[in-house]
Amino acid sequence: MRRIAASLCALALAPAAFAERQPYFDVSLSLGMPATETVRNAGAGNPDNNPGVIDLTTASGFGIAAAYGFAPVGQLRGIEFELGYYRAETDDFSTPDGYPIVWLRSDPNNYESSAPALGDVATTSFMVNTYGEFGEGGPSPYLGVGLGVALHQVDVTTDVGILKRGLITTVTDEAVVFAWQVMAGITYKGVRLGYRYFATADADIDGLELTHGRHSAEIGLTFH
């Protein structure tokens, strides 16, 4: 009898609990800092004992994200679903410690440790986030974490033989991988300024293993 009464009580209180949460929509713009993507399994046919690791440097990039969620009344956020897109142009390939594992196409016998990379890396992500907000009535700091998946799309060309001696190397591929992020910042009257670190599991791009991570500053607006 007690269990039945408790169940009925829970059902009676469920609508009230749901009513205490209000939906919101959030949109944000972000500026990503220049980053270095680690690329492994590179340098087939290179000198003996090469580490098979090169760095793909990207310039500052721009991102946009939209989220829909539910938050307790009086707080900015609770649990949300977020769709994001980020794109950054690539700068160059380089090798750790200047190790010579790339060849100039014009001179296949001349080893180099860096070369220009023309193209971009774009990432589309779907994340489930949760936030905690501290303070009321004024500017309030917040912390958040998120888990989800990301689609990396890489399109890069370089006039050196990074994969094969003396040939133009083009890396064009995409991969879906696990993603995670952490967020922190300050919000006031629906406007927030924050920091975000976004990273993914290693992605298989054209047989190469790409490690992705980036730091971003962002500004967002929340509508209840």
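Not measured: the values here are computed from a predicted model.

(A) Main features of the overall build of the protein chain. When helices and strands are counted, the protein chain shows 1 helix and 15 strands. Classification of the 224 residues of the protein chain by burial places 39% in the buried group. Residue pairs at least 24 apart in sequence account for 68% of intrachain contacts in the protein chain once pairs closer than 6 positions are excluded. On the protein chain, roughly 11,900 Å² of surface is accessible, and the fraction owed to carbon and sulfur atoms is 63%.

(B) Local environment of the packing of aromatic side chains. By the definition in use, this model includes 3 aromatic pairs. Taken together, a centroid distance of 5.6 Å and an interplanar angle of 80° make the contact between Y68 and F70 edge-to-face. The class for F70 is partly exposed, based on a relative accessible area of 30%. Here R214 stacks its cationic end above the ring of Y86, 4.0 Å away from the centre of that ring.

(C) The pairing of strand β10 (residues 140-158), seen in detail. Bridge count between strand β9 (residues 118-133) and β10: 16 bridges; the pairing is antiparallel. Along β10, the bridge assignment pairs L118 with T157. The sheet contact formed by β10 and strand β11 (residues 169-188) spans 19 bridges and is antiparallel. Along β11, the bridge assignment pairs P141 with I186.

(D) Spotlight on the pattern of salt bridges. In total, this model carries 5 salt bridges according to the counting rule given. The salt bridge involving R196 is made with E82; its shortest N-O contact spans 3.1 Å. On the criterion of sequence distance, the pair formed by R196 in strand β12 (residues 191-200) and E82 in strand β5 (residues 79-94) is long-range, its members being 114 residues apart. A single burial state applies to R196 and to E82, both of which are buried. A salt bridge links R196 to E218; the shortest N-O distance between them is 3.0 Å. Taken together, the residues R196 in strand β12 and E218 in strand β15 (residues 213-223) connect sequence positions 22 residues apart.

(E) Just the nonpolar core, in detail. With 15 residues, the main nonpolar core has V39, L56, F93, V154, V156 and I205 as its most contacted residues. Listing elements by their share of this core, those giving two or more residues are β3 (53-58), β10, β11, β13 (203-205) and β14 (208-211). Here this core gets 3 residues from one element, more than from any other, and that element is β11. Apart from the residues within four sequence positions on either side, I205 is in contact with H152, V154, V171, D173, E174, A175 and L210.

(F) Representation of the pairing of strand β2 (residues 35-40) in the model. Side chains A35, E37 and V39 of β2 all project onto a buried face; the interleaved residues T36, T38 and R40 project onto a face where none is buried. Strand direction decides the pairing type here: β2 and β3, joined by 6 bridges, are antiparallel. In the strand pairing of β3, V39 is matched with I54.

(G) Region of interest: the environment of T95. You can see T95 is positioned in the loop between β5 and β6 (102-104). Between the C-alpha atoms of T95 and A115, which are 20 residues apart in sequence, the distance is 9.5 Å.

(H) Looking closely at unusual backbone geometry. Despite not being glycine, K189 shows a phi value in the positive range, around 50°. Position of K189 relative to the elements: it lies in the loop between β11 and β12. We classify K189 as exposed; its relative accessible area is 71%. Phi at D206 is positive, roughly 55°, even though this residue is not glycine.

(I) Expanded view of the confidence of the model for the protein chain. Taken residue by residue, the protein chain gives an average pLDDT of 81. The fraction at 70 or more is 72%. Considering each helix and strand of the protein chain separately, the mean pLDDT is smallest for helix α1 (residues 2-19), with a value of 44, and largest for β12, with 96. Every residue in residues 3-19 is under pLDDT 50, and counting partners more than four places away or in other chains gives 1 contact.

Rules used throughout
Residues numbered from 1 in each chain as written. Predicted model: local features only at pLDDT ≥ 70, side-chain atom pairs only at ≥ 80, totals over all residues. Heavy atoms only, no water. Helix = DSSP H or I, 4+ residues; strand = E, 2+ residues; numbered from the N terminus. Buried < 20%, exposed > 50% of the residue type's maximum accessible area, 1.4 Å probe, protein only. Contact = heavy atoms within 4.5 Å. Areas by Shrake-Rupley, 256 points an atom, 1.4 Å probe, with all protein chains shown as cover. Phe/Tyr/Trp six-rings, centres within 6.5 Å; stacked < 30°, edge-to-face > 60°. Lys NZ or Arg CZ within 6 Å of the ring centre and 35° of its normal. Pairing = 2+ DSSP bridges. Salt bridge = Lys/Arg side-chain N within 4 Å of Asp/Glu carboxyl O. Core = buried A, V, L, I, M, F, W, Y, C linked by side-chain atoms within 4.5 Å. pLDDT = per-residue confidence, 0-100.

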